[in-house]
Amino acid sequence: MTTVLQVDNLDVYFGHGRSRAHVLQQVSFAVKAGTTLGLVGESGSGKSTTAKAIVGVVRSAAGTVLVNGANIAGARGRALNALRRRVQMIPQDPYASLNPRMTVGETLAEAIDPRRASVRAHAGKITELLALVAMDADASQRYPHEFSGGQRQRVAIARALAVQPEIIIADEITSALDCSVQAEVLGVLRELRTRLKLSMLFISHDLAVVRHVCDEIAVLYQGRIVEYGKRDDVFDAPRHDYTRLLLDSVPDGGPLK
Ligand SMILES: Nc1ncnc2c1ncn2[C@@H]1O[C@H](COP(=O)(O)OP(=O)(O)O)[C@@H](O)[C@H]1O
Ligand SMILES: [Mg+2]
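The notes below deal with the structure included here.

Rules and cut-offs
- Residues numbered from 1 in each chain as written.
- Chains lettered and ligands numbered in written order.
- Predicted model: local features only at pLDDT ≥ 70, side-chain atom pairs only at ≥ 80, totals over all residues.
- Near = placed C-beta within 6 Å.
- Helix = DSSP H or I, 4+ residues; strand = E, 2+ residues; numbered from the N terminus.
- Buried ≥ 20, exposed ≤ 12 C-beta atoms within 10 Å, placed from the backbone.
- Pairing = 2+ DSSP bridges.
- Right-handed = clockwise from strand over helix to strand, strands pointing away.
- Axes fitted to C-alpha atoms, helices over the stretch in contact; angles between N-to-C directions.
- Contact = placed C-beta atoms within 7 Å.
- Core = buried A, V, L, I, M, F, W, Y, C linked by C-beta atoms within 7 Å.

**Overview of the site of ligand 1**
Around ligand 1 sit Phe14, Gly15, Val23, Gly41, Ser43, Gly44, Ser45, Gly46, Lys47, Ser48 and Thr49, and that is every residue in its neighbourhood. At three residues, helix α1 (residues 47-55) tops the list of elements feeding residues into the shell around ligand 1.

**Observations concerning the pairing of strand β7 (residues 167-171)**
Of all five residues in β7, five are buried; the element is thus mostly enclosed. Pairing geometry for strand β6 (residues 87-90) and β7, over four bridges, is parallel. Bridge pairing in β7 places glutamine 88 opposite isoleucine 168. Here β7 runs beside strand β8 (residues 200-204); their pairing, made up of four bridges, is parallel. When the bridges of β8 are listed, alanine 170 appears paired with phenylalanine 202. Of the crossover connections in this fold, the one passing from β7 over helix α6 (residues 179-196) to the parallel β8 is right-handed.

**A closer look at the sheet that holds strand β10 (residues 224-230)**
Ordered in space as β6-β7-β8-β3-β9-β10, the six strands form an open sheet in which the pairing is mixed. Each having just a single partner strand, β6 and β10 make up the two edges of the open sheet. Strand-to-strand twist in this sheet, taken as the mean axis angle between neighbours without regard to direction, amounts to 15°. Looking at chain direction, strand β3 (residues 36-40) and β8 are connected through five bridges and run parallel.

**What to know about unusual backbone geometry**
One non-glycine residue with positive phi stands out, namely alanine 134, at about 60°. Secondary-structure assignment places alanine 134 in the loop between α4 (123-132) and α5 (149-162). Judged by the 14 C-beta atoms lying within 10 Å of it, alanine 134 falls in the partly exposed class. A positive phi angle, close to 45°, is found at glutamine 222, a residue other than glycine.

**A closer look at the sheet that holds strand β4 (residues 62-67)**
Ordered by their spatial adjacency, four strands build an open sheet running β2-β1-β4-β5, and the pairing between neighbours is antiparallel. Only two strands of the sheet have a single partner each, and these edge strands are β2 (21-32) and β5 (70-71). Across five bridges, strand β1 (residues 3-14) lies against β4 in antiparallel orientation. By the bridge assignment, valine 7 is partnered in β4 with valine 65. Against the sheet, α1 engages β1, β2 and β4, with an angle of about 70° to β2.

**A short note on the nonpolar core**
Of all hydrophobic cores here, the largest spans 65 residues; its most connected members are Leu108, Ala158, Ile167, Ile169, Leu201 and Phe202. Residue contributions to this core peak at seven residues, all from α5.

**Thoughts on the environment of glutamine 164**
Note on placement: glutamine 164 falls in the loop between α5 and β7. Residue glutamine 164 is classed as exposed on the basis of its C-beta count, with 12 C-beta atoms lying within 10 Å. In this structure the C-alpha to C-alpha distance between glutamine 164 and glycine 105, which are 59 residues apart in sequence, comes to 17 Å.

**Focus: α1**
Taken across its nine residues, α1 has seven buried, putting it largely inside the fold. Among the residues making up α1, those that are buried are Lys47, Ser48, Thr49, Thr50, Ala51, Ala53 and Ile54. Glycine 56 sits one or two residues past α1 and shows a positive phi near 85°.

**Details of the environment of alanine 109**
Counting through the fold element by element, alanine 109 comes out in helix α3 (residues 104-112). Judged by local crowding, alanine 109 falls into the buried class, with 24 C-beta atoms found within 10 Å. Between the C-alpha atom of alanine 109 and that of glycine 17, which follows or precedes it by 92 residues, the distance is 46 Å. In this structure alanine 109 touches Ala117, Ser118, Val119, His122 and Ile126, once residues within four positions along its chain are discounted.

These figures come from the coordinates and say nothing about function on their own.
Here it is in structure tokens:
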């Protein structure tokens, strides 16, 4: 199986002098084609920093990030922009990725082709993308505020897919949603993994959610990966005390099981 995303020994520091903090320490993991890796850890453990370091928003002091073999960390300028399109990030708050003044159709058209962002020219493709996230074609004419939180997050997923990325990074994309809506968004993601053989880094503080969508799990604790393995191995036989602690806080038979 080919590796879509390979992260090796990523080190990130924040701050200067005495307030300098080593936020990521030798973080390493890999996402294989068509699979989802769950990156889980408590708030402040460094999950979002990992995502930002991968797409180059945060600078790493050391380490490599390879997307299908191409090094993002070493890229600059136009080459970096091209690489960034290959990795699409979906943030927790869809308002951050969706322009409130653009209709959903306009947003998708721009993602499909930034140089020719015509809703009419891309109508077929727009309908197709909306169908992938279980939305009707008429959503194209509406604005982000006209949708519910779950629908908006599905539009954000469609926008990410429009770019035809090699991998998607989803950072806490269901955290702001209530349980039933969470299940709806996670259902869409699982369907996409099967239909499109989507590769994904799925970030969450919630192990119950991670269990629902991931093939493998990496546990981040104070900036270090302390556990990494196949989902069922991690759940059935956690090696690290911290993972056990996280597992104990997963409600038994919760709504997502
Ligand atoms: N821009 C920043 N400047 C300084 N410290 C930051 C910055 N972003 C995050 N941090 C710190 O880095 C650590 C990891 O944060 P983050 O990656 O956001 O954690 P998570 O996403 O797991 O909640 C936290 O201690 C946080 O306070
Ligand atoms: Mg975060």
